Structures are given as structure tokens and as C-alpha cells.
Amino acid sequence: MALFAPEKIKENFDLLAQRIADCCERVGRRPDEVRLIPVTKEFPPAVIEIAYASGYKQVGENKVQELVDKYEALKQNGAYGDLDLILIGHLQSNKARFLADYVSEFHALDSLRLAARIDRFMAEAGRVLPVYVQVNTSSEESKYGLPAAEALDFIDACAAFKNLRVIGLMTLAINSKNDEEVRQCFRTLRQLRDQAQQKHPSVSRLSMGMSGDFEIAIEEGATDIRVGQMIFGSRDIANELAHFWPEDKAR
Ligand SMILES: *Cc1c(COP(=O)(O)O)cnc(C)c1O
């Protein structure tokens, strides 16, 4: 892990905001249509404080245990009372209860079993959780998410759960140097969103785009980009492979 110095991180936030604005201008979108979710996974909790001080009160983590640990570490400091933690990565259904206690949004819903459990814990907590359905737009065996062909039925089925609300779709694009292949993944997600939205108006958002491909994602309609390494520094490659090509991909 090569974590940038705090000053450099603050600069990167400004730089990124400028790139988002430039990209939006090129394609005739308003910069305020695109939310940047800084992704703090694998970086120390202090990184969340820097993001917060830079005006980002919502950050993304991909593993629920790490999210909980960081929240507990930061909670000591009352200033972070309005910090929102967004879970952007896969969740096993036996960990659904953590969402009720710690998480403001979940971007990786991909099974009805998990949806049912989230619904139950949210009902107990008296909350409605905004969720995004994760779609495997690249059809890579190694990635989480529903096959695109199953996404619409899945969203229909989610309407039965009163304590979660599907507000968008999420994807990780194909891991490719070919921009057209990456773009195609984002297009697929957008087309699915357009179809789903006709029946379910709340399904409006597109969580797509990371450090390496966020500009393509914005061009294709992203409303939420999830960026880590470009802001904070590079993560350990071994960990990265373990995350994107999980060995224990059991559902
Ligand atoms: C790590 C991660 C990101 C951010 O990737 P970077 O390369 O750090 O920008 C985005 N989405 C998900 C689901 C992630 O796990």
C-alpha cells in the first residue's frame, strides 16, 4: 500500500473534482448529477477523516467487517456523527444485520435471500435501506452480481420488500485495456436502468466507474462513481486480485 500524504490527498480531491466537471461539460451533463464516493477500503481510518475534512461525508467500503471496525474507531470522535458509510462490496446473507447498524446505502445486492434478510433487519430497526442491484455486465465468471438477463425480474421481486428500496444499479466494468469493452458494460447497465425505471420510477441511479474508468462511466450516465486509488494511493495488488477475483465466490 502506498498511501499519499494528507496534503496530496486534498489536492487529489480538487483535481478529481475538476476532471469530473470537465468530463460533464464535454458530454453536456451537470457536475452535480455525479456523486463522488471516495473508496477508503484497505486504507487506515485517518483517510476517512481527510475525506470528511475535504467535504465528503459519505465514503465507500467493500467489506462489512472493515467498515464496522473503522466506524467504531472513528465513533470516539463526535465530529463524525453525520458520516455515512456505504457498503459497495458483496455481503454474505448471514451478515445482513450489520447493515441496519452501520450502513447508509448498499450497492451490491445480488440475491433474494440477502434481500429478505436485509428487509427483516431493517424492519426491526425501523429503517428503509436504499440499495443498488449489482449486475455482472461483463459476464466474467469471477465477478459478483446478477446476470443482466435476470436483473429486471429481480427488481420486480424486490418490490415486495418494504424496508429496502432499490434506487439504482451497480456494476464493475470488465478488466480490460480496451475502452470500448469497458464502455459496453456501462451501456448495458444504463439500458437495464432505463427499462427498470419504466416500471419502478425509484430505480434511477447508476453506480459505475472507478479510478481507471470513471470518465467513461460519466460519459455513459453514471450518477455515482466509486474512486479510491486515484485519491488515496495505490493498494496492494495481491489484495486487489483477491477482491476482484474472489476465491470464495459461494452463493
Ligand atoms: C475498490 C473498489 C472501487 C474503487 O477502486 P479504485 O481502483 O480504488 O478506484 C470501486 N468499487 C468497488 C466495488 C471496489 O471494491
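Up top is the structure these notes are about.
Residues numbered from 1 in each chain as written. Predicted model: local features only at pLDDT ≥ 70, side-chain atom pairs only at ≥ 80, totals over all residues. Heavy atoms only, no water.

**A short note on the pattern of salt bridges**
Pairs can form between side chains of opposite charge whenever their charged atoms are close.
So, step 1. A complete count under the given rule lists 19 salt bridges for this structure.
So, step 2. Close ionic contact of Lys 70 with Glu 61 constitutes a salt bridge, the shortest N to O distance being 2.8 Å.
So, step 3. The exposure class assigned to Lys 70 is buried, which follows from its relative accessible area of 6%.
So, step 4. Measuring nitrogen to oxygen at the nearest pair gives 3.5 Å for the salt bridge that ties Arg 183 to Glu 180. With Arg 183 and Glu 180 both in helix H7 (residues 179–199) and three residues apart, this pair spans about one turn of that helix.
So, step 5. For Arg 183, a relative accessible area of 16% puts it in the buried group.
So, step 6. Residues joined in a network through salt bridges with shared partners are Arg 26, Glu 180, Arg 183, Arg 187, Glu 219 and Glu 220. (Salt bridge = Lys/Arg side-chain N within 4 Å of Asp/Glu carboxyl O. Buried < 20%, exposed > 50% of the residue type's maximum accessible area, 1.4 Å probe, protein only. Helix = DSSP H or I, 4+ residues; strand = E, 2+ residues; numbered from the N terminus.)

**Quick word on helix H6 (residues 148–158)**
So, step 1. Looking at H6, one finds that the buried residues are Ala 151, Phe 154, Ile 155 and Cys 158. Seen along its axis, H6 keeps its buried residues to an arc of 100 degrees; they face one direction. Exposed residues on H6 whose side chains face more than 90 degrees from its buried face are Ala 149 and Asp 153. (Arc of directions from axis to C-beta.)

**Some remarks on the environment of Arg 117**
So, step 1. Relative to the assigned elements, Arg 117 resides in helix H5 (residues 112–125).
So, step 2. Taking the C-alpha atoms as reference points, Arg 117 and Met 230, separated by 113 residues in sequence, lie 35 Å from one another.
So, step 3. If we ignore the near neighbours within four places in the chain, the residues touching Arg 117 are Ser 93, Asn 94 and Ala 96.
So, step 4. Reaching out from Arg 117, the side chain makes a polar contact with the backbone oxygen of Ser 93 at a distance of 2.7 Å. (Contact = heavy atoms within 4.5 Å. Polar contact = N/O pair within 3.5 Å; in protein donor to acceptor, adjacent residues only side chain to side chain.)

**As for helix H2 (residues 46–53)**
So, step 1. Along H2, the positions that sit buried rather than exposed are Val 47, Ile 48, Ile 50, Ala 51 and Tyr 52.
So, step 2. Contacts from the buried residues of H2 go to strand E1 (2–3), helix H1 (6–26), strand E3 (58–61), helix H3 (64–75) and helix H9 (229–232).
So, step 3. Positioned one or two residues after H2, Gly 55 has a phi angle of 100 degrees, which is positive.

**Considerations on the site of the ligand**
So, step 1. Taken together, 14 residues sit near the ligand, with Lys 41, Ser 211, Arg 226, Gln 229 and Arg 235 positioned nearest.
So, step 2. Within the contact set of the ligand, a nitrogen atom lies 2.8 Å away from a side-chain nitrogen or oxygen of Arg 226.
So, step 3. The backbone of Gln 229 places a nitrogen or oxygen atom 2.8 Å from an oxygen atom of the ligand. (Near = heavy atom within 4 Å.)

**Remarks on the packing of aromatic side chains**
So, step 1. In this structure the tally under the stated criterion is four aromatic pairs.
So, step 2. When the ring of Phe 13 is compared with that of Tyr 56, the centres are 4.6 Å apart and the planes differ by 20 degrees; the resulting orientation is stacked. Residue Phe 13 is found in helix H1, and its partner Tyr 56 is found in the loop between H2 and E3; the two are separated by 43 residues along the sequence.
So, step 3. Since its relative accessible area comes to 2%, Phe 13 is described here as buried.
So, step 4. With 5.9 Å between their ring centres and 80 degrees between their planes, Phe 13 and Phe 232 make a pair best called edge-to-face. In this pair, Phe 13 sits in helix H1 while Phe 232 sits in helix H9, placing the two residues 219 residues apart along the sequence. The same class applies to Phe 13 and to Phe 232, which are both buried.
So, step 5. Ring pairing ties together the aromatic residues Phe 13, Phe 43, Tyr 56 and Phe 232, which thus form one cluster.
So, step 6. Directly above the ring of Phe 98 sits Arg 97, whose terminal nitrogen or CZ lies 4.6 Å from the centroid. (Phe/Tyr/Trp six-rings, centres within 6.5 Å; stacked < 30°, edge-to-face > 60°. Lys NZ or Arg CZ within 6 Å of the ring centre and 35° of its normal.)

**Some thoughts on unusual backbone geometry**
So, step 1. Phi is positive for Glu 42, close to 70 degrees, though the residue is something other than glycine.
So, step 2. Mapped onto the elements, Glu 42 comes out in the loop between strand E2 (35–38) and H2.
So, step 3. A positive phi angle is found at Ser 139, which is not glycine, with a value near 55 degrees.
So, step 4. Here Ser 139 shows up in the loop between strand E6 (129–136) and strand E7 (146–147).

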